[in-house]
Amino acid sequence: MLLNPRVGLRACSASRTKSWTQPRTQPQVSRRRKAALLASAVSLCLLAAAAPPKPLGVGDRLFPYLGNPGYDVASYDLSFTYPGSNDKPLQAVTTIDARTTADLDRINLDFTHGTVQSVEVDGRPATFTNAGEDLVVTPEHGLPEGSRTRITVRHTSDPAVAKDGDGGWVRTSDGLAMANQADAAHLVFPCNDHPSDKAMFTFHITAPKGYTAVANGLPAGVDRAGRTTTWTYRTQHPMATELAQVSIGRSAVLHRKGPDGLPMRDVVPSADAKALAPWLAKTPDQIAWMESKVGKYPFETYGVLMAQAATGFELETQTLSLFEKDLFTDPAYPKWYIESIMVHELSHQWFGDSVSPRTWSDVWLNEGHATWYEALYAEEHAHRPMVDRMKTAYGASDRWRAAGGPPAQPKAPAPGQKISIFRPNIYDGAALVLYALRQEIGRSAFERLERTWVRDYRDSTAGTADFVRLASAVSGRDLSGFFQAWLYGEKTPPMPGHPDWKPTAPPKAA
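Only a predicted model underlies this, so the values are computations on that prediction, with no experimental measurement involved. (Residues numbered from 1 in each chain as written. Predicted model: local features only at pLDDT ≥ 70, side-chain atom pairs only at ≥ 80, totals over all residues. Heavy atoms only, no water.)

Draft legend 1. Spatial organisation of the overall build of the protein chain. The helix and strand tally for the protein chain stands at 12 helices and 21 strands. When burial is assessed residue by residue, the protein chain has 53% of its 510 residues classed as buried. Residue pairs at least 24 apart in sequence account for 71% of intrachain contacts in the protein chain once pairs closer than 6 positions are excluded. Taken as a whole, the protein chain presents about 22,900 Å² of accessible surface, with 54% of it coming from carbon and sulfur. (Helix = DSSP H or I, 4+ residues; strand = E, 2+ residues; numbered from the N terminus. Buried < 20%, exposed > 50% of the residue type's maximum accessible area, 1.4 Å probe, protein only. Contact = heavy atoms within 4.5 Å. Areas by Shrake-Rupley, 256 points an atom, 1.4 Å probe, with all protein chains shown as cover.)

Draft legend 2. Just the pattern of salt bridges, in detail. Counted according to the given criterion, the structure contains 14 salt bridges. In this structure, Lys325 and Asp272 form a salt bridge, with 3.2 Å as the shortest nitrogen-oxygen distance. Here Asp272 lies in the loop between strand S17 (263–269) and helix H3 (273–280) and Lys325 lies in the loop between strand S19 (321–324) and helix H5 (326–329), a separation of 53 residues in the sequence. Note that Glu440 and Arg477 form a salt bridge whose closest N and O atoms lie 2.6 Å from each other. With a gap of 37 residues between them, Glu440 in helix H9 (residues 428–441) and Arg477 in the loop between helix H11 (464–475) and helix H12 (480–488) connect regions that are remote in the sequence. By relative accessible area, which is 27% here, Glu440 ends up partly exposed. Arg477 gets classed as partly exposed once you look at its relative accessible area, which sits at 36%. (Salt bridge = Lys/Arg side-chain N within 4 Å of Asp/Glu carboxyl O.)

Draft legend 3. Focus on the sheet that holds strand S7 (residues 134–138). Pairing within the open sheet is antiparallel, and its three strands lie in the order S3-S7-S6. The open sheet terminates on both sides in strands that have one partner only, identified here as strand S3 (107–110) and strand S6 (127–131). The average angle at which neighbouring strand axes cross in this sheet is 25°, direction not considered. Relative to S7, S6 runs antiparallel, the two sharing five bridges. From the neighbouring strand, Phe128 faces S7, where its bridge partner is Val137. (Pairing = 2+ DSSP bridges. Axes fitted to C-alpha atoms, helices over the stretch in contact; angles between N-to-C directions.)

Draft legend 4. Local environment of the sheet that holds strand S13 (residues 218–225). Taken in spatial order, the eight strands of this open sheet run S5-S4-S8-S2-S1-S11-S14-S13, and their pairing is mixed. The open sheet has two free edges, formed respectively by strand S5 (124–125) and S13, since each of these has just one partner strand. Across seven bridges, S13 lies against strand S14 (residues 228–234) in antiparallel orientation. Following the sheet pairing, Leu218 is matched in S14 by Arg234.

Draft legend 5. Fine view of the packing of helix H6 (residues 335–347) against helix H7 (residues 363–382). One way to put it is that H6 packs onto H7 with a least axis distance of 8 Å and a crossing angle of 145°. The hand of the H6/H7 crossing is right-handed. Together, Trp336, Glu339, Ser340, Ile341, Val343, His344 and Ser347 of H6 and Glu367, His369, Ala370, Thr371, Tyr373, Glu374, Tyr377, Ala378 and Ala382 of H7 make up the contact between the two elements. Of the residues that constitute the contact of H6 with H7, the class distribution is eight nonpolar, five polar and three charged. (Left-handed = near helix turned anticlockwise from the far one by under 90°. Nonpolar A, V, L, I, M, F, W, Y, C, P; charged D, E, K, R; others polar.)

Draft legend 6. Representation of the packing of aromatic side chains in the model. Scanning all chains against the criterion turns up 26 aromatic pairs. Between Tyr297 and Trp350 the ring centres are 5.5 Å apart and the planes differ by 85°, which places this aromatic pair in the edge-to-face class. Highlighted residues: Tyr297 in the loop between helix H4 (283–294) and strand S18 (304–307) and Trp350 in the loop between H6 and strand S20 (355–357), separated in sequence by 53 residues. No difference in accessibility class separates Tyr297 from Trp350, as the two residues are buried. When the centroid spacing of 6.0 Å and the interplanar angle of 80° are considered together, the rings of Phe467 and Phe483 count as edge-to-face. Placement of the pair is Phe467 in helix H11 and Phe483 in helix H12, with a sequence separation of 16 residues. Judged by its relative accessible area of 1%, Phe483 is buried. An aromatic cluster is defined as three or more aromatic residues linked by ring pairs; in this entry it consists of Trp364, Trp453, Tyr457, Phe467, Phe482, Phe483 and Trp486. We note Arg250 situated over the ring of Tyr211; from NZ or CZ to the ring centre the distance is 4.2 Å. (Phe/Tyr/Trp six-rings, centres within 6.5 Å; stacked < 30°, edge-to-face > 60°. Lys NZ or Arg CZ within 6 Å of the ring centre and 35° of its normal.)

Draft legend 7. Looking closely at the pairing of strand S16 (residues 251–257). Both S16 and S17 contribute to a ladder of seven bridges, which runs antiparallel. Its bridge partner lying in S17, Arg256 is registered against Met264. Between S16 and S17, which follow one another and run antiparallel, lie five residues, and Asp260 among them has a positive phi close to 55°.

The following block contains the structure:
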């Protein structure tokens, strides 16, 4: 039987104590028997200590090896030194303050695609090795449950594309940005890479003269030394690792005020600042619109990062959303469409960032809500009726469910393979669930639910079951059956108020 290391060591310690404290009146164990017991105890200890390191996870159905049990991260302090070229590794130091939630002889961190130079635990050198995509750290002494610990890792952070997939650092025309969703933060820095473990972040970014660095949160200092500058940023609210953002480039940082004096900063290529300014000027009104729907903006700042990069997506990194610059300069995109995409990423600051998914199967709560407010904004500002978009989504919903699974149960990856969970059914398919809910409980109850959701779960994580319970409480009726059908059913239920809506057959191949 392979024992957990700490269980084995405790058993060894207890057996030694007992053998020395037995009263003399007790029957004496023979010398041969003592030797056998001692040999057995030592063997168990050696077996426990020699148990090979292995990758762990928190049991996420879609990403089983993301996250790690046994500790809760309180804060990350990340230092990156940019060499002036985006095809060379950055030197980095990651410091993690955490509290243990179990007795630990080893600490698993998610980290790959970088070279680890040294590890310290509470200021003392620790040994380390790799197991899968985990960095397994063994401190000099075990860590008891409930203890505070500090782990410092000196490592490189490689912007080259990882062998097993994209994500992490994104190369821009003049530097780097980050795109860590869903499972790529550990390609950049050691972490507990799962949204269920949110933490505070501090960033220190050092770059040569001529570059500007911006990160999540508020600026906390700029230090110039010779031909380099170090920028420091700190978050004021906890953040999931997948939402971390660092921009390094020849950038202009444009400042303005949002509603109620909210400090705002946008990051754009310096040469494009004037051309992009009209788009950036729209954000304060978009924030005010979102606040009118769901309540006060949840963070300390907001802004748009327009990167000259071909990512194929936009991303709601916390307080600094990432956009491809070409979205705003390509004449093929209508004005109303661009504005609605801006609102999509903005609305994620409430849905997905402030209220983060407890598991990746709950991602429909992120993308369904962002799609909902994107569509609602287009309806109110560009006369694009939401009902038309929802009817189209209803027609395709059965096909989406068959291809990728129902909204709250995306199909899991095949063994040994990663998966893209960002399929149509967690965007328009999940927004369709919200439309059905509004039809079912009425507009007033629905709007009350939305405000209550982001208020009650602000700065924390929540899952599908939480949303079902809250919707039932707000509406005053048990909605578990309604959600079971809409979120988990193989077929799309009838749409309340629209008995004429039917699934549409897929178009025939040419």
